[in-house]
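# A structural walkthrough
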Amino acid sequence: MNRRTVVNRRSPGSVVALAIATLLVVSPFLWMISLAFTPEKDAFGSVGLVPAHPTLDNFVTAFVDAHLGRALVNSTIITLVAVLTNCVAAVAAGYAFALLPFPGSRPLFYLLISTAAVPVSVTLIPLFLMAKGFPLAGGNDVLGAGGSGLLDSLGGVVLPYLVLPLNVFLARQFFSTSDISLAEAARIDGAGEWVIFRRIYLPVARPLVAVTAIFSFTAVWDDFLWPLVVTTSPQVQTVQLAIARFESSGNVRYGPLMASAVLVTLPVLAVFLFNQRSFISGLTDGSVKG
Amino acid sequence: MFIGVRRRWVGVAGATALVVALTGCGLGTSPKKNEPTATSISVWFPGTNKTEIDLVTKTIVPAFEKDTGSKVAVTFVDWTDLSPKLNAAFAAGTAPDVFGHGPAAVADFVVNDRVEPLTRYVASLSKTDAEDLGTALPGGQVKGTQYLIPLSMQGNLIAYRADLFTAAGLDPNTPLPTWESVLEAAKKLTKRDGSGKVTRAGLLLPSHPIGLQQTFATLLGSAGGEQITTDGTKAAFDSPAGEQALKYLVDVYSGPNAVADNLGADYLDAPAAQQPILTGDAAMEVQTPNNIQQMLLAKPGLQLRLLQPPKFANARSGAALGGAGPGLMINKDSKAKSLAWKFISYLISAKTSATYTEGIGALPMRASAANTDYVKTSPVLTAFVQAAGEFRPNPNVPGWTRIRDTLAKHLDQAMHRQVDPATALKQAASEVNAILAAGK
Amino acid sequence: MATSTATVPRPAAAHREQQPTVRYSRPRRRWVGLAFVAPAALYLVAFQLLPVLYGLALSFTEYSPLSRSGPRPVGLANYTRLLSNADFGKALLVTGRYVLQVLPATVVIALLLAVLANRGFRGIGLARSALYVPHIVSLTAVSMVWLWLYSQHGLVNQVFDSVGLPGQGWLLGEGSALNAVSAMRVWKALGSNMVLLLAGLQVIPAARYEAARVDGAGPWQCFRHITLPGLRPMLTYVVAMDIIFLAQGFAEIFVLTRGGPLATTTTVNYLIWTEAFQYNQFGTASAMAFVLFAFIVGFSFLAIRGLAGRRS
């Protein structure tokens, strides 16, 4: 461990170290960008990062062939819904598991998060059956029979992501370090639990909400298997399904594949860039001054 | 407060309804109830190739819909992604009327009574059509009954670099009719560094797990052997022909006279510009028609030529692995089977089929395609079409994917010289026999 | 729980007796946490737990989703068969080694990066985003780049060559394949771990560092006695999350090695996938999944126990 990194916050050494690490980590992505501008037949033909004959064709192809525009809209809708529900329900649940325990809350907590340890291969089909049997959707009656339920709809795509178990775990861990004396004081003053959560704990949980938003966004945006299984019509395709257009087995189209993969990464990066400001609060405020 | 009592009750009701729904329809496999008059079909297409998609959605489907006054809903799924989608759909009873897959999966649909026998429909083809499709159709049959209609043919040939042959003192125009002569040439073409490590492979054969099984099947076939007995009950590769094939394969990759390196590498799926034969890392390699065409685009002037499938010198007959590629099947529960067949027969009609195979860079499945411009103007395709008679498909038996992987596992152990070829084949045969017995 | 007297029927709430300002009735206070948990819990029970239980039930049956007859009960046969399944045993070992070698590397490097990135100079947002890129980029697309990096004339071998070391087929060697896959996984997991640890760093009060510095604590002491203890809950989460995800490693194996060579990269989840979607054997696949589940829960529990300290 570099002894200077912790305290001397503007030491050039640590900036250089960070810059080198960043460059190393991002380099495979740089090659993807390079390939996105490389004509198909030259793909992987040289080690160089700058294409010899740069082209924009791959991006055009990405939009025209894979209907990336529509896929971006679809993915944005389902992702925003999942981000919202996770930021509300998972954060509230984690808060209560940490600070408002009730009889049986610990076993319930472990039961719920342990579902994350079961491989998706096993839960895929039951989940599919549930999407099909969802009551009062897609022509279904109240018992979930008669129609196709949530199959082949955006509602069906978003179904498994509304609350991600690990986000509940994350929120509990975050709140477990919170100062409980604030709540005690507020209770004595007669404040309701909801008010305590909203006015005292949520404001200091900005980093948590930011991380939950980022993680939910990434998880939904990047998933392939569930959208593959639950959708059939082109109107409800997600971005990852659009990208898969260029991965036809034995016939991979490297240029458009990389162009669409790079394009699809950008919205997530934007979300990240926006949210990461939440990480420049506590420590940095104090230390920059000091 | 965002969690009202009412909201909670709605949630409870919803969850209860879901439990009911899950238990109600979870284990049932009742076929979907369609409207009696079938005017629409759903099709899951085995492939996500651009030309394929354009051709199907812009030409075939509109023409077909206009012709028949019906609606066709098409979904394109790469055939490697099809299994999870089909599994879920069959479990829920929402599988499409027509769906595609690779021939390796067909027998499992058949034992589970999920696909419609197509013999009756095939019999309705005109005599010309039936003869024209004669080499393609057997790949879609299980125990003599047609279940899958292939959309393209597959097959690999040995490609070689004429310039490297000349440089090594070999005549690129002299044919190499036997595997023995191929190996002799490969030895002359192989280059090594000071430590004896191969720096240029004389001959590359696919050796990644699935490729290994395919290479073995080809060698086995050209030694006159079979993978499974013709009645589909027992492994047949545990034979003198099998040993000859596997010994050859082991010698290609290891020992002091090895002519290949990078055992296990999946060069077939590598980008064109990285193909060993293009970069000069190999002088001969087994290749697919599409890859060869891509390489010629990536490096015009590349002096690639193709060998017709060699045999072992002592073999009376010989065959290479190939034949039917991914194709279409009809769901047994479909309420629109005749419309479904109409759609399939439209796809395999001479004109559509030619456009289709040309678009995806595959081998055409009709013998008459030899006279199309696509084949005639391309020496590559001409060579492949010429070899078409030598291609034999993998056996269509239940549990084939598991058999294939089991065989590959034991072949891999022999390739890494953990066991000798005879033992590897014996062990593989006993496991394969168990799988075949369980599939009865 | 609070002390109780024999005369009070609901002992847990007894100590609140003298609090007239509490608005809720006592039972309600005791259960108020449930109201916060309910939406998430109901959803998770319906859409996560129920499918899991369905899978658990399937593990005692023989079931192909293609079959018309539905699952056929076979008792414990799927589990007992696993005991003698050499491929499964080997896959468990591979999975264990994979978790044990990726986990420390990704956590330590992520911690280092988080500490480095936890400051406010110009461009830091971009640096953090760049570090997060591996986590969001499409795996299949970027795997093409990694296949090339590891290939015969790929960048890794070229770098080795330029410093005079012998190159090799990274994904082809029995000794190197799992390490090569691990390196890619470390790369892929760094960003999410770093982001979590960054978030964890935010809740450590700056005043603690000020006070320590006034007391003359050096940077190492600050890291050791303030940063690490303050990060403990988040570190616990990171380690548990990594165990859960790494032990289910599949996608990176699928795109890089397909389980080869000689099954040295065949993880349990790779076997499960093959069993379920290549062979359509959902009974066996589910049994494998629940054995894996038991291992994951066991290891996570140990990790959580080991890392969980007293509340500060």
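Note that the structure is predicted; figures quoted are calculated from it, not measured. (Residues numbered from 1 in each chain as written. Chains lettered and ligands numbered in written order. Predicted model: local features only at pLDDT ≥ 70, side-chain atom pairs only at ≥ 80, totals over all residues.)

### Some details on the sheet that holds strand β3 (residues 98-101) of chain B
Residue and element names in this part refer to chain B. Taken in spatial order, the five strands make up an open sheet running β2-β1-β3-β14-β6, and their pairing is mixed. Unpaired on one side and paired on the other, β2 (71-77) and β6 (149-150) mark the two borders of the sheet. As defined by bridge partners, strand β1 (residues 40-46) adjoins β3 across two bridges and the pair is classed as parallel. The residue of β3 that forms the bridge with W44 is F99. Together, β1 and β2 form the strand contacts of helix α2 (residues 50-68), whose direction differs from that of β2 by roughly 165°. (Pairing = 2+ DSSP bridges. Helix = DSSP H or I, 4+ residues; strand = E, 2+ residues; numbered from the N terminus. Contact = placed C-beta atoms within 7 Å. Axes fitted to C-alpha atoms, helices over the stretch in contact; angles between N-to-C directions.)

### Some remarks on the sheet that holds strand β12 (residues 304-307) of chain B
Residue and element names in this part refer to chain B. Strands sit in the order β11-β8-β12 across an open sheet of three strands; the sheet is antiparallel. Looking at strand neighbours, the two that pair on one side only are β11 (284-287) and β12, the edges of this open sheet. For this sheet, the mean angle separating the axes of adjacent strands, direction not counted, is 35°. Looking at chain direction, strand β8 (residues 157-161) and β12 are connected through four bridges and run antiparallel. Bridging from a neighbouring strand, R161 pairs with L304 of β12.

### Description of the interface of chain C and chain B
In this assembly, 28 residues from chain C lie in contact with 36 residues from chain B. Of all the secondary structure elements, the ones that give two or more residues to the side of chain C that touches chain B are α1 (26-58) and α11 (268-278) of chain C. The element best represented in the side of chain C that touches chain B is α1 of chain C, accounting for eight residues. Split into classes, the residues belonging to the side of chain C that touches chain B amount to 16 nonpolar, 10 polar and two charged. (Nonpolar A, V, L, I, M, F, W, Y, C, P; charged D, E, K, R; others polar.)

### Considerations on the confidence of the model for chain B
Residue and element names in this part refer to chain B. Taken residue by residue, chain B gives an average pLDDT of 87. The fraction at 70 or more is 91%. Helix α1 (residues 5-26) is the least confidently modelled element of chain B, averaging 41 in pLDDT, while helix α10 (residues 240-253) averages 96, the highest of any element. In this model residues 1-36 is a low-confidence stretch, pLDDT under 50, and it forms 53 contacts with partners more than four residues away in sequence or in other chains. (pLDDT = per-residue confidence, 0-100.)

### A look at the nonpolar core
Ranked by internal contacts, the top residues of the largest apolar core, which has 333 residues, are M32 and A93 of chain A, L249 of chain B together with L197 of chain C. Ranked by residues supplied to this core, first place goes to helix α7 (residues 177-202) of chain C with 16 residues. (Core = buried A, V, L, I, M, F, W, Y, C linked by C-beta atoms within 7 Å. Buried ≥ 20, exposed ≤ 12 C-beta atoms within 10 Å, placed from the backbone.)

### Concerning the interface of chain A and chain C
Each partner contributes residues to the interface: chain A has 97 residues there, and chain C has 95 residues. Considered class by class, the residues forming the side of chain A that touches chain C number 65 nonpolar, 23 polar and nine charged.

### What to know about the pairing of strand β13 (residues 320-324) of chain B
Residues and elements named next belong to chain B. Counting buried residues along β13, five of its five residues qualify, which places the element largely inside the surrounding structure. Here strand β7 (residues 153-155) runs beside β13; their pairing, made up of three bridges, is antiparallel. Considered in β13, the bridge of G155 is made with G322. Where β13 meets strand β15 (residues 391-392), two bridges bridge the pair, whose relative direction is parallel. Its bridge partner being in β15, L321 is matched across the sheet by R392.

### Things to note about the environment of S182 of chain C
All names here are of chain C. Within the fold, S182 resides in helix α7. Placed 69 residues apart in sequence, S182 and A251 show a C-alpha to C-alpha distance of 12 Å. Setting aside chain neighbours within four positions, we find S182 in contact with Y98, Q101 and V102.

### Some points on the environment of A66 of chain A
All names here are of chain A. With respect to the secondary-structure elements, A66 resides in helix α2 (residues 57-66). C-alpha separation for the pair A66 and F274, spaced 208 residues apart in sequence, amounts to 28 Å. Excluding its chain neighbours within four sequence positions, the residues that come into contact with A66 are A71, A242, I243, R245, F246 and S260.

### Comments concerning the packing of α10 of chain B against helix α17 (residues 400-415) of chain B
Residues and elements named next belong to chain B. Axis separation between α10 and α17 bottoms out at 9 Å; the angle between their running directions is 50°. On the basis of the axis angle, α10 is oblique to α17. Crossing geometry of α10 relative to α17 is assigned as right-handed. On α17, the residues that touch L246, L249, V250 and Y253 of α10 are L411, A414 and M415. (Parallel < 35°, antiparallel > 145°, perpendicular 65-115°, else oblique. Left-handed = near helix turned anticlockwise from the far one by under 90°.)

### What about α10 of chain B?
Residues and elements named next belong to chain B. Over its 14 residues, α10 runs 20 Å from end to end, which matches the ideal 20 Å to within 8%, given 1.5 Å per residue. Taken across its 14 residues, α10 has 11 buried, putting it largely inside the fold. Every buried residue of α10 is accounted for by A241, G242, E243, Q244, A245, L246, Y248, L249, V250, V252 and Y253. Where α10 ends, the next residue or the one after it, G255, has phi of about 90°, a positive value. (Expected span 1.5 Å × (residues − 1).)

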